[in-house]
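A structural walkthrough
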Amino acid sequence: MSDTFKALVVNKQNEEFSVEINELNFGDLQEGEVLIRVHYSGVNYKDSLAAHPDGKIIREYPAVPGIDLAGVVVSSDDPQFKEGDEVIATSYEIGVSHFGGYSEYARMPGKWIVPLPEGLSLKEAMIIGTAGFTAALSVQRLEENNLTPENGKVLVTGATGGVGSFAVSILASRGYQVEASTGKESEHDYLRRLGADTIISRDEVYDGEIKVIRKPKWAGAVDPVGGEPLASLLTQIQYGGSAAISGLTAGTELPTSVIPFILRNINLLGIDSVNCPMETRVKTWQRLASDIKPANMEEFIAEEVSLEQLPNVLPKLLKGQVSGRMIVKL
Ligand SMILES: NC(=O)c1ccc[n+]([C@@H]2O[C@H](COP(=O)([O-])OP(=O)(O)OC[C@H]3O[C@@H](n4cnc5c(N)ncnc54)[C@H](OP(=O)(O)O)[C@@H]3O)[C@@H](O)[C@H]2O)c1
């Protein structure tokens, strides 16, 4: 094993911002009981923000982004893991204040690590990544709140994005009638292949006007978009239905009223993947490897890129240009 390895480093010094591939030493890695040879990482919206000078994701520079990683344990002082184990580490402080997955090696606290479940390869785990994991959490929460296929259509917004794509696929495989909302007319075939029954434009969710209440259309919704489109979809959720919300691609403000909640008895379910308890995390990954694992994982790959290509591809997500998942091979 060489003394140095490659990583993508973002730095901001005196307002000078840089994103470049650097050689690091093992001593540069932060504390943690488990050293991992990273095989794959992924590109999430948060990673694109981390590589943007105004992204407000990185707490301390220099930093190594990459909120997701999958790899093989090189050495471990945590008795739960041993050399050769295949593992996944996502969220917590990874790629934010702790050097993340855009690195040939990563050192992690054992309490952040999930053993790779049987039925998933390291590559498949990173095709799923935080985006697919968040989609799975969203569907689980909707079902815990009594959503069943018999209740009616389920809306997925931002449907061609990472969270959206997996939500469409998981819901379809569980027998739901899925209505996918997208701003990308060119990607209707992709959404049909994932299992969408109907595809609508973003305008059909939010036409620029947020009324107090509208005709009910959906029994539930997975919404990684937020903002005004979310306020508008809430007015169209049917009686007793729920919206599982995880994202902010259309903004953080939620200009809604109490009316849909008190007239229609609807639920707004917040989804967080970052501090999701370990028990739920392990169970959800096990489900993603078994009963809710998509049949054709390669379908989700928008692009497989190398560390060297990352500085050029990271901005694409912020422009909403990607369908599915970009994965990184290290
Ligand atoms: N809560 C959590 O734990 C958690 C976990 C993962 C992600 N997230 C958040 O969820 C969001 C999605 O993440 P992702 O990784 O799926 O990102 P992504 O792959 O970039 O997908 C976002 C999708 O949103 C749609 N979109 C973009 N701008 C929009 C706008 N102005 N109005 C309406 N739709 C718009 C686009 O889909 P269409 O073109 O198909 O409409 C885009 O592909 C991000 O805000 C991310 O930070 C949160």
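What you are looking at is a predicted structure, and each value in this text was computed from that prediction instead of being measured.

This part takes up the overall build of the chain. A tally of regular secondary structure across the chain gives nine helices and 15 strands. Scaling as 2.2 N^0.38, a compact globule of 330 residues should have a C-alpha radius of gyration of about 20 Å, and the chain matches this with 20 Å. For the chain, the spread of C-alpha atoms along the three principal axes comes to 65 × 45 × 35 Å. When the 330 residues of the chain are sorted by exposure, 52% land in the buried category. Here the contacts in the chain between residues at least 6 apart in sequence split such that 70% fall between residues at least 24 apart. Counting only carbon and sulfur atoms, one obtains 46% of the accessible surface of the chain, whose full area is about 14,300 Å². For the chain, the distance from the average position of its 30 positive side-chain charges to the average position of its 44 negative side-chain charges is 6 Å.

This part is about the side chain of Ser91. Here Ser91 is to be found in the loop between β5 (86-90) and β6 (105-108). A residue is classified by how much of its surface remains accessible, and Ser91, at 3% relative accessible area, is buried. Within the structure, the side chain of Ser91 is placed 3.5 Å from the backbone oxygen of Ser273, a separation counted as a polar contact.

Attention shifts here to the nonpolar core. Membership of the largest hydrophobic core comes to 50 residues, with the highest contact counts inside it found for Val168, Leu191 and Trp285. Taken domain by domain, the makeup of this core includes at least three residues from each of domain 1 (4-116 + 297-329) and domain 2 (130-270). Those residues in contact with Leu191 that sit more than four places away from it in its chain are Ala159, Thr160, Val168, Ala180, Thr182, Ala196 and Ile199. By size, the runner-up hydrophobic cluster in this structure holds 44 residues, among which are Leu24, Ala50, Phe99 and Val313.

Okay, the domain arrangement of the chain next. If you check the domain split of the chain, you get domain 1 (4-116 + 297-329) and domain 2 (130-270). The C-alpha-based centres of domain 1 and domain 2 are spaced at 29 Å. Contacts between the two partners involve 14 residues from domain 1, matched on the other side by 15 residues from domain 2. When domain 1 packs against domain 2, close to 1,200 Å² is buried across both sides, 58% of that on carbon and sulfur atoms. Considering only the side of domain 1, the residues that lose the most area to domain 2 are Glu299, Phe300 and Ser323, jointly responsible for 46% of the buried surface there. Taken together, the links from domain 1 to domain 2 amount to one salt bridge.

Cut-offs and rules
- Residues numbered from 1 in each chain as written.
- Predicted model: local features only at pLDDT ≥ 70, side-chain atom pairs only at ≥ 80, totals over all residues.
- Heavy atoms only, no water.
- Helix = DSSP H or I, 4+ residues; strand = E, 2+ residues; numbered from the N terminus.
- Rg over C-alpha atoms; globule rule 2.2 N^0.38 Å.
- Buried < 20%, exposed > 50% of the residue type's maximum accessible area, 1.4 Å probe, protein only.
- Contact = heavy atoms within 4.5 Å.
- Areas by Shrake-Rupley, 256 points an atom, 1.4 Å probe, with all protein chains shown as cover.
- Lys, Arg positive; Asp, Glu negative; His and termini not counted.
- Charge placed at Lys NZ, Arg CZ, Asp CG, Glu CD.
- Polar contact = N/O pair within 3.5 Å; in protein donor to acceptor, adjacent residues only side chain to side chain.
- Core = buried A, V, L, I, M, F, W, Y, C linked by side-chain atoms within 4.5 Å.
- Domains from an automatic or database assignment.
- Buried area = accessible area lost by both parts, 1.4 Å probe.
- Salt bridge = Lys/Arg side-chain N within 4 Å of Asp/Glu carboxyl O.

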